[in-house]
Structure formats: C-alpha cells, structure tokens
Amino acid sequence: MSKGDSIWDLAIETVHQQEKDGKDGQQENRPAEESSVLLMGSKTSAKTSIILRFLDRDEAAKPTTALEFTFGRRARNNLAKDVVNIWELGGGTFLSRLVDTAINVNSVRQLAVILVLDLSRPDDLWVTMETLLKQARAAADRSIAELDKLQPGVKQALRKKAWEKYDEHPDKDMVDPFPVPLVIIAGKYDVFQDFDSEKRKIICKTLRFVAHNYGASLLFFSLKMKQLIDRGRVMINHLSFGAAAPQLKSMQLEHNKPIYIPAGADAFQQIGPPPLPEGNVGTMSARNPVELWKQAFTGHFPQVSAVPTVQDDPAKDPQYAESSIDAMRQQKDEELERYRKKC
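Report follows, based on the coordinates. (Residues numbered from 1 in each chain as written. Predicted model: local features only at pLDDT ≥ 70, side-chain atom pairs only at ≥ 80, totals over all residues. Heavy atoms only, no water.)

### Regarding the overall build of the protein chain
Threshold: The helix count covers DSSP runs of H or I at least four residues long, the strand count covers runs of E at least two residues long, and both are numbered beginning at the N terminus. A 1.4 Å probe rolled over the protein chains alone gives each residue an accessible area, and that area as a share of the maximum for its type sets the label: buried under 20%, exposed over 50%, partly exposed in between. We call two residues in contact when some of their heavy atoms are within 4.5 Å. To be clear on the numbers: accessible area is Shrake-Rupley with a 1.4 Å probe, and residue cover counts the displayed protein chains and nothing else.
Helix and strand counts for the protein chain stand at 12 helices and 7 strands. Looking at the protein chain as a whole, 42% of its 343 residues are labelled buried. Within the protein chain, counting contacts between residues at least 6 apart in sequence, those at least 24 apart form 71% of the total. Carbon and sulfur atoms form 52% of the exposed surface of the protein chain, whose accessible area is close to 19600 Å².

### Regarding the pairing of strand 6 (residues 217-220)
Applied cut-off: In this analysis, strands are considered paired if DSSP registers two or more bridges between them.
Neither face of strand 6 is open: one carries Ser 217 and Leu 219, the other Leu 218 and Phe 220, and all of them are buried. When strand 5 (residues 182-187) meets strand 6, the two strands line up parallel, connected through 4 bridges. By the bridge assignment for strand 6, Val 183 is matched with Ser 217. Of the pairings in the sheet, the one linking strand 6 to strand 7 (residues 260-261) comprises 2 bridges and is antiparallel in character.

### A look at the sheet that holds strand 6
Working definition: the strands of a sheet are paired by backbone hydrogen bonds and lie parallel or antiparallel to each other. Under the convention used in this document: To obtain an axis, a line is fitted to C-alpha atoms, over the contacting stretch when the element is a helix, and the angle between two such axes runs from 0 to 180 degrees between their N-to-C directions.
Read across the open sheet, the 7 strands follow the order 2-3-1-4-5-6-7; overall the sheet is mixed. The strands lining the two open edges of the sheet, one partner per strand, are strand 2 (67-75) and strand 7. Sheet contacts for helix 3 (residues 47-54): strand 1 (34-41), strand 2, strand 3 (81-89), strand 4 (111-118) and strand 5; angle to strand 3, the most-contacted strand, approximately 165°.

### A word on the pattern of salt bridges
Opposite charge on two side chains allows them to pair when their charged atoms are near. Test applied: Definition used for salt bridges: Asp or Glu carboxyl oxygen within 4 Å of a side-chain nitrogen of Lys or Arg.
Using the criterion set out here, one finds 10 salt bridges in the structure. Of the charged contacts, one joins Asp 82 and Arg 74 as a salt bridge, the two residues approaching to 3.1 Å between their closest N and O atoms. This pair shows no difference in class: Asp 82 is buried, exactly as Arg 74 is.

### A closer look at the environment of Leu 111
Tracing the chain through its elements places Leu 111 in strand 4. Leu 111 sits in the buried class, given a relative accessible area of 4%. For the pair formed by Leu 111 and Val 37, sequence separation is 74 residues and the distance between their alpha carbons is 5.7 Å. The contacts of Leu 111, once residues within four sequence positions are left out, are Ser 36, Val 37, Leu 38, Ala 102, Ile 103, Val 180 and Pro 181.

### So, unusual backbone geometry
The phi dihedral of Thr 44 is positive, around 50°, even though this residue is not glycine. Along the chain, Thr 44 falls in the loop between strand 1 and helix 3. The exposure class of Thr 44 is exposed, given its relative accessible area of 61%.

### Remarks on the layout of surface pockets
Spelled out, the test is: Points on a 1 Å grid over protein atoms alone make up a cavity when a 1.4 Å probe fits among them but cannot get out, and a pocket when they form an open set with protein on both sides within 12 Å along at least five of seven lines; lining residues each have an atom within 4 Å of a point. Grid points are joined across faces, edges and corners, and a volume is the space filled by probe spheres set on the points. For this classification, the nonpolar set comprises Ala, Val, Leu, Ile, Met, Phe, Trp, Tyr, Cys and Pro, the charged set comprises Asp, Glu, Lys and Arg, and every other residue, Gly included, is treated as polar.
For the largest pocket, the calculated volume is near 880 Å³. Lining the largest pocket are 38 residues, with Lys 161, Pro 181, His 238, Leu 239 and Gly 242 positioned closest to its centre. Contributing elements (two or more residues each) for the lining of the largest pocket: strand 1, strand 3, strand 4, helix 6 (154-163), strand 5 and helix 9 (226-241). Per-element accounting of the lining of the largest pocket gives the leading share, 5 residues, to helix 9. A breakdown of the residues in the lining of the largest pocket according to their chemical character gives 22 nonpolar, 8 polar and 8 charged.

### A few points about the packing of helix 3 against helix 9
Let me state the cut-off plainly: Oblique is the label for any angle not under 35 degrees, not over 145, and not in the 65 to 115 range, which are roughly parallel, roughly antiparallel and roughly perpendicular in turn.
With their axes 9 Å apart at the nearest point, helix 3 and helix 9 run at an angle of 75° to one another. Comparing the axis directions of helix 3 and helix 9 gives the class roughly perpendicular. Contacts between helix 3 and helix 9 involve Ile 50, Arg 53 and Phe 54 from the first element and Ile 229, Arg 233, Ile 236, Asn 237, Ser 240 and Phe 241 from the second. Residue composition of the contact of helix 3 with helix 9, by class: 5 nonpolar, 2 polar and 2 charged.

### Points about the pairing of strand 4
Of all 8 residues that make up strand 4, 8 are buried, and the element is covered over most of its length. One ladder, built from 6 bridges, connects strand 1 with strand 4; its direction is parallel. When the bridges of strand 4 are listed, Met 40 appears paired with Leu 115.

### Structural notes on the packing of aromatic side chains
Quick note on the threshold: Only the six-membered ring of Trp is used, alongside the rings of Phe and Tyr, when aromatic pairs are assigned; centres must lie within 6.5 Å, and planes under 30 degrees apart are stacked while those over 60 apart are edge-to-face, with the rest tilted.
Going through the model one piece at a time under the given rule, you end up with 10 aromatic pairs. Aromatic side chains Phe 209 and Trp 293 sit 4.8 Å apart centroid to centroid with 5° between the ring planes, which places their arrangement in the stacked category. Of the two residues, Phe 209 sits in helix 8 (residues 197-213) while Trp 293 sits in helix 11 (residues 289-300), which places them 84 residues apart along the sequence. Trp 293 matches Phe 209 in its accessibility class, with the two residues each being buried. Three or more aromatic residues link up through ring pairs in this structure, and these residues are Tyr 189, Phe 192, Phe 195 and Phe 220.

### Side note on the side chain of Asp 124
The condition that has to hold: Positive charge is attributed to Lys and Arg, negative charge to Asp and Glu, and no charge count is given to His or to the chain ends.
Tracing the backbone through its elements, the reader meets Asp 124 in helix 5 (residues 122-150). Although Asp 124 lies buried, it forms no salt bridge, and the closest oppositely charged side chain, Arg 121, sits 4.1 Å away as judged by the N-O distance. Among residues more than four places away in sequence, those in contact with Asp 124 are Ser 42, Gln 303 and Val 304.

### Thoughts on the nonpolar core
When a protein is soluble and globular, its nonpolar side chains tend to lie buried together. Note the cut-off: As used in this record, nonpolar core signifies buried Ala, Val, Leu, Ile, Met, Phe, Trp, Tyr and Cys residues forming a set joined through side-chain atoms within 4.5 Å.
The biggest cluster of nonpolar side chains holds 55 residues, and the ones touching the most others in it are Met 40, Ile 103, Met 129, Leu 133, Leu 207 and Phe 220. Broken down by element, this core gets its largest block of residues, 10 residues, from helix 5. Excluding anything up to four places from it in sequence, Leu 133 contacts Met 40, Leu 115, Phe 178, Leu 182, Val 210 and Tyr 214. Among the nonpolar cores identified, the runner-up in size contains 21 residues, and Phe 54, Ile 86, Ile 114 and Ile 185 belong to it.

Rendered as structure tokens:
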C-alpha cells in the first residue's frame, strides 16, 4: 500500500487479487476439504503424464500396472490445505472392475471421473469408452445408494447437481447425465490432426454426442501443445479444488481445431445426425440414440476385440525393484524348479 492509498483502495485491490486467484473470503475461511479424481481410459493415452503435469512433477512417466494412487495439496490463505486423492486405472479395459476401489461410499460425494481416450486409435475408442463408463457408472450408482442409506438426501442432492446444467436446456428430456462430474479428455491430438478430414469429422461428432449425452465436458489434449496442456491442468484443478474451469469463451466446436466444450454447452441439433455408413441405413436396429451412434461409429471404425490380454509380470518390472525381496523370490523360484525336476 503506497502512502497515498486509502483504506478503500486497499480493499479494492484485495478483492481484485482474490478474484484473480479464483477465490473469495468465504472460500478461504472454510475448513480444509478432500476430493477424489479417477483417471481411466485407453492404454498409453498419457494418463500418467496428465497427472504429472497437474502436480508439476518433472519426472518421466512410467507404465501403470493396475490401479495407482497419488495425491495433491493446495494451501489456502488461512493455512488450511485441501487434498485431492488421485487414482489412475492402468491397462485400458483389462482391469475395469478395479474402479470399485476408487469409487466407494467414502469418495463418491466429492468424486470426479476423467475418461482419457486415444484419438490416434479410433478402432479402440468406442469399446474403451463404453466398457469403462459402464463400470464406473455402476460403481457410482451403488455407492450413492449405499451412502443415501447412511445420509438420507445425498442421492437427491447429487442428482440435482448432475442435472442443474440442463435445467433450461432444450435437450433436457433426451440426455442421461453421469451421476458424478465427468470429463472426457481426447489425447494425442497432434497425431489426430493429420487424419483425413472426414475421419476427424466422424470422430469429433461422435465424441460430442457421447459427452453431451452424459453431461460431460469434452476437451482435446496433446503433450506436444502447451495450450492444450494448460487447459487440461486448469480443468483438473477445477475438478480437484473447485477453481475456475477453462473459460467458456475458449469453447471450440470445429473438427479442424482442438475441441473444447464445457458440460451442457453443446446441443444435439448442433451436433447433427449420426454419420451412418452408406448402404447400412436399412440394417440399423438400434433401440436408443446411444446404440444408433455406436452402430454408425463402428461401421466406419470396426472395433478391435476387447478380449483381455495377459499383462507383463509386475514382479519383473525394474521400477518395483527391491533387492532383498527379489533375492528371496529368486531363491524360492530355484527351489520350486528343483522340486519340479524331482517330480
């Protein structure tokens, strides 16, 4: 405060600084809070790298074996520290049932789900999206039902929160919002931008439909583009600590540019009809819009088999090396081999 400033000048400056930080006095005086974020999605879709960027950790990303946990903290002016528990599901759809560990009675009220997809692999996109969203939704519904028995009214409160973005939306009667906040991050945009224009258009329209139908935000991402990295970091900060989401003015609908659409900001009329393959219209037998879009998308991009594959043995992964344990393991393996030879 300079010598000529009045108390009102100081007050105005303080308010402006709080607005700049995305905070207000009431938020700063509240007790420390704890939230949870689950990242799941395609294999090698940069989930770990997204987490590292958010936490400002300058380290190389390592393969995620199963379900891994870390956390982040944010200190506020009253010295309270908010905490976000971050779960990452590895292996694509192979270990999808492990989402039950992250989505439970204790976490579901302050939980957000991030689905990370690989834009460079459209032949794996729908099956990954469908499998993981189905598993996560089932876990969330079960947890909310159990929590509502302990804390009556929770189910209704979460439902109201999920639907509030559609209160006056023309698509209100046609959408099916996810029970907890959902964000779809479509990664490897740097590869995707070199796809044929028609393929990009089909993929973009399909992702827009899925995101809008489930009340999710949709944003494209690339580890090679700073603007998209920053946008992803801002979004996760919003989900974790309630900070401001990426600005609405940066919304992008064009398939020739990296898409960003906040939840509830799209519309089925803007998205248009599903891109049905020529000659397949008469063979479609969908019971609902999601099935129709699935048939349309997979008609253009047949999906690879979702049969689980055996994962590499984590015990042989150098990132989990423990000399004493590894020596004992080797000794037991040798004993087992000698026993087999005797039999």
